[in-house]
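Geometric and topological summary
Spelled out from the first residue to the last, the chains are:
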Amino acid sequence: MHVVYDCIPGHYTGGIAKVAFELGRAQAKLGHYVEIFTIDYEASPECSGGFTKTVVCDGVRIHYFRPVCSGARFSTAMKKHLENAMPQFDVVHSHNTFLTLNRQVGDLSQKYKKPVFYHPHGALDQRLIQGWAPKSLKKRIYISCCEGPNMNRASGIFALTESESLQVEGWGIRCPVHILLNGIDPLSPPSSGVLSEFKQQWKLPVNGPVLLFIGRITEKKGVHCVIEALPEILHKHPKAIFMICGPRDNEPEYTKKLDDTIVRLGLSDSVRWTGFLNDSQKVSALASADLFVHPSSSEGMAMSILEAMGFGLPCVITPGCYMPAAMQEGAALESRHDAAAVAHTIIQALASPEQTQEVGRRASYYINRHHAWSGIARRTLELYRSAMTAKTVKLNS
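A quick note: this is a predicted structure, and the numbers were derived from the prediction, not measured.

Together, Trp132, Leu137 and Ile141 line one region of the surface with nonpolar side chains, adding up to about 360 Å² of accessible area. Turning to its location among the elements, Trp132 is positioned in the loop between strand 6 (116-118) and helix 4 (134-151).

Turning our attention to the packing of aromatic side chains. Throughout the structure, instances matching the rule amount to six aromatic pairs. The rings of Phe37, Phe51 and Phe65 are connected pair by pair, giving a single aromatic cluster. A cation sits over an aromatic face here: Arg140 above Trp132, 5.2 Å from the ring centre.

Side chains Leu291 and Val293 project from strand 12 (residues 291-294) onto one buried face, and the interleaved Phe292 and His294 project onto a second face that is buried too. Sheet topology places strand 9 (residues 210-214) next to strand 12; two bridges connect them, and they run parallel. If you follow Leu211 over to strand 12, its bridge partner there is Leu291. In the sheet, strand 12 pairs with strand 13 (residues 315-317) via three bridges, with the strands oriented parallel. In the sheet register, Val293 faces strand 13, and the bridge partner there is Val316. Handedness of the strand 12-helix 10 (residues 303-310)-strand 13 crossover: right-handed.

Further remarks concern the pattern of salt bridges. Using the criterion set out here, one finds 19 salt bridges in the structure. Notably, a salt bridge pairs Arg103 with Asp107, separated by 3.7 Å at the nearest N-O pair. On the criterion of helical spacing, the pair formed by Arg103 and Asp107 is a turn pair, its members being four residues apart in helix 3 (residues 100-111). Its relative accessible area of 35% is what places Asp107 among the partly exposed residues.

On to the sheet that holds strand 5 (residues 92-94), then. Strands sit in the order 3-4-2-1-5-6-7-8 across an open sheet of eight strands; the sheet is mixed. Looking at which strands have only one partner, the edges of the open sheet turn out to be strand 3 (51-57) and strand 8 (177-179). Bridge count for strand 7 (residues 156-159) against strand 8 is three bridges, and the pairing is parallel. Counterpart to Ala159 in the pairing with strand 8 is Ile179. Helix 1 (residues 15-29) rests against strand 1 (2-3), strand 2 (35-39), strand 3, strand 4 (60-65) and strand 5 of the sheet, and its axis sits at about 145° to strand 4. The sheet strands contacting helix 5 (residues 162-170) are strand 7 and strand 8, and the helix crosses strand 8 at an angle near 165°.

The subject of this paragraph is the nonpolar core. Ranked by internal contacts, the top residues of the largest apolar core, which has 48 residues, are Leu212, Met243, Phe292, Ile305 and Met309. Breaking this core down by element, the ones donating at least two residues are helix 1, strand 9, strand 10 (241-245), helix 9 (279-288), helix 10, strand 13, helix 13 (353-370) and helix 14 (373-396). It is helix 14 that provides the largest number of residues to this core, a total of seven residues. Those residues in contact with Met243 that lie beyond four places of it in its chain are Phe198, Leu204, Val210, Leu211, Leu212, Phe213, Arg272, Thr274 and Ala285. Grouped together as the second largest cluster of nonpolar side chains are 41 residues, Val34, Phe37, Leu101 and Ile173 included.

Another aspect to go through is helix 10. Most of helix 10 is tucked away, with seven of its eight residues classed as buried. Listed in full, the buried residues belonging to helix 10 are Met303, Ser304, Ile305, Leu306, Glu307, Ala308 and Met309. With its phi angle positive at about 85°, Gly312 sits one or two positions after the end of helix 10.

With respect to the helices and strands, the residue His95 is situated in the loop between strand 5 and helix 3. Side chain to side chain, His95 and His2 meet in a polar contact 3.1 Å long. Polar side-chain contacts of His95 include one of 3.0 Å to the side chain of His121. Not counting residues within four places of it along the chain, the set of residues in contact with His95 comprises His2, Val3, Val4, Tyr5, Ile16, Ala20, His119 and His121.

An order of 11-10-9-12-13-14 is seen for the six strands of this open sheet, with the pairing classed as parallel. Two strands lie at the open edges of the sheet, namely strand 11 (271-275) and strand 14 (333-334), each paired on one side alone. Strands in contact with helix 9 are strand 9, strand 10 and strand 12; relative to strand 9, the strand with the most contacts, it is inclined by about 145°.

What counts and what doesn't
- Residues numbered from 1 in each chain as written.
- Predicted model: local features only at pLDDT ≥ 70, side-chain atom pairs only at ≥ 80, totals over all residues.
- Heavy atoms only, no water.
- Patch = residues over 30% accessible without salt bridge, like charges linked within 9 Å, V, L, I, M, F, W, Y side chains within 5 Å.
- Areas by Shrake-Rupley, 256 points an atom, 1.4 Å probe, with all protein chains shown as cover.
- Salt bridge = Lys/Arg side-chain N within 4 Å of Asp/Glu carboxyl O.
- Helix = DSSP H or I, 4+ residues; strand = E, 2+ residues; numbered from the N terminus.
- Phe/Tyr/Trp six-rings, centres within 6.5 Å; stacked < 30°, edge-to-face > 60°.
- Lys NZ or Arg CZ within 6 Å of the ring centre and 35° of its normal.
- Buried < 20%, exposed > 50% of the residue type's maximum accessible area, 1.4 Å probe, protein only.
- Pairing = 2+ DSSP bridges.
- Right-handed = clockwise from strand over helix to strand, strands pointing away.
- Contact = heavy atoms within 4.5 Å.
- Axes fitted to C-alpha atoms, helices over the stretch in contact; angles between N-to-C directions.
- Core = buried A, V, L, I, M, F, W, Y, C linked by side-chain atoms within 4.5 Å.
- Polar contact = N/O pair within 3.5 Å; in protein donor to acceptor, adjacent residues only side chain to side chain.

What follows is the structure, encoded as structure tokens:
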């Protein structure tokens with residue numbers, strides 16, 4: 001059983017939902033029975049009992065439940081159905097840091113003696129929740145009082161990198177932490193007609209470089225660094241376009257700051273806001289770009305970066321993306337998290353097209369070797385089995 005706050009295959013609002021489904025699908029392909037419990041944010045208030053529908057996609061059953069109120073990441077109906085379903089499953093895998101869904105899963109797994117694994121997806125990075133801002137303070141209190149004690153009851157935590165493993169342990173969480181990379185499925189290039197239509201829709205240049213960002217529009221992702229770097233980039237490449245793909249309503253104040261910066265710097269003709277892109281549209285965006293730029297201050301392991309690398313697109317990333325292994329293999333270009341450094345890295349990349357294309361080829365090779373879902377799914381299954389054996393031994397003793 002996977003539990004995640006959102007999951008619409010093909011229309012993911014973030015990388016966590018995508019990981020939950022694609023991991024579940026890979027496990028199902030290996031012959032295991034997989035269900036996902038998630039929230040239906042478009043549910044009608046009249047839905048009987050809060051249960052809205054069940055969808056079967058690629059061998060995975062996805063159950064949707066109405067939230068307690070519009071936009072809430074909590075469902076009393078899901079809690080009831082989780083309790084009824086829990087005895088049928090061998091293992092529970094939860095993807096819901098800072099949400100009461102984790103607490104529900106933890107309580108029920110204790111009640112029914114089921115192994116439970118938590119997957120923070122980079123959310124416990126201390127740098128993201130330091131200082132005395134109300135949101136940061138609230139998260140630290142929640143970790144101390146709820147998230148940490150709940151995770152210490154778990155059979156294991158999945159960390160994306162060694163750095164994240166240290167972050168988890170830094171909160172006093174003492175249950176076993178296992179490194180588990182994110183995976184991706186290979187993306188097929190769009191047809192020439194679909195690609196041409198996409199380029200026309202967004203008025204992309206025929207002979208000018210296209211810089212691409214795909215992800216949530218939030219300050220830590222560093223979109224402002226690229227916008228502030230554009231004047232220097234445009235001095236060398238006057239036809240360059242920065243294409244920003246992601247929903248604009250995630251952090252409205254930050255989005256407004258980006259809009260104001262674009263106007264102030266006179267960049268309106270050089271920026272394309274596409275809003276949210278589904279999976280097929282995203283492939284067209286990747287195929288249209290020359291560089292993928294993701295100057296984040298902190299990531300777990302961004303799915304958008306992995307997909308761009310797997311597609312063979314050269315990527316400009318920052319140390320906060322926590323991908324040292326990719327850097328060691330020459331599979332990405334690294335920049336500091338500031339506009340001047342981003343501008344310098346992009347200009348250098350565009351000035352050396354053959355070397356930059358080689359980075360893209362190495363990126364594709366690196367992803368195929370380390371991030372195939374089949375191998376990652378097998379790793380989870382090994383850990384599940386170990387936890388199940390340990391539970392059985394403990395109960396028998």
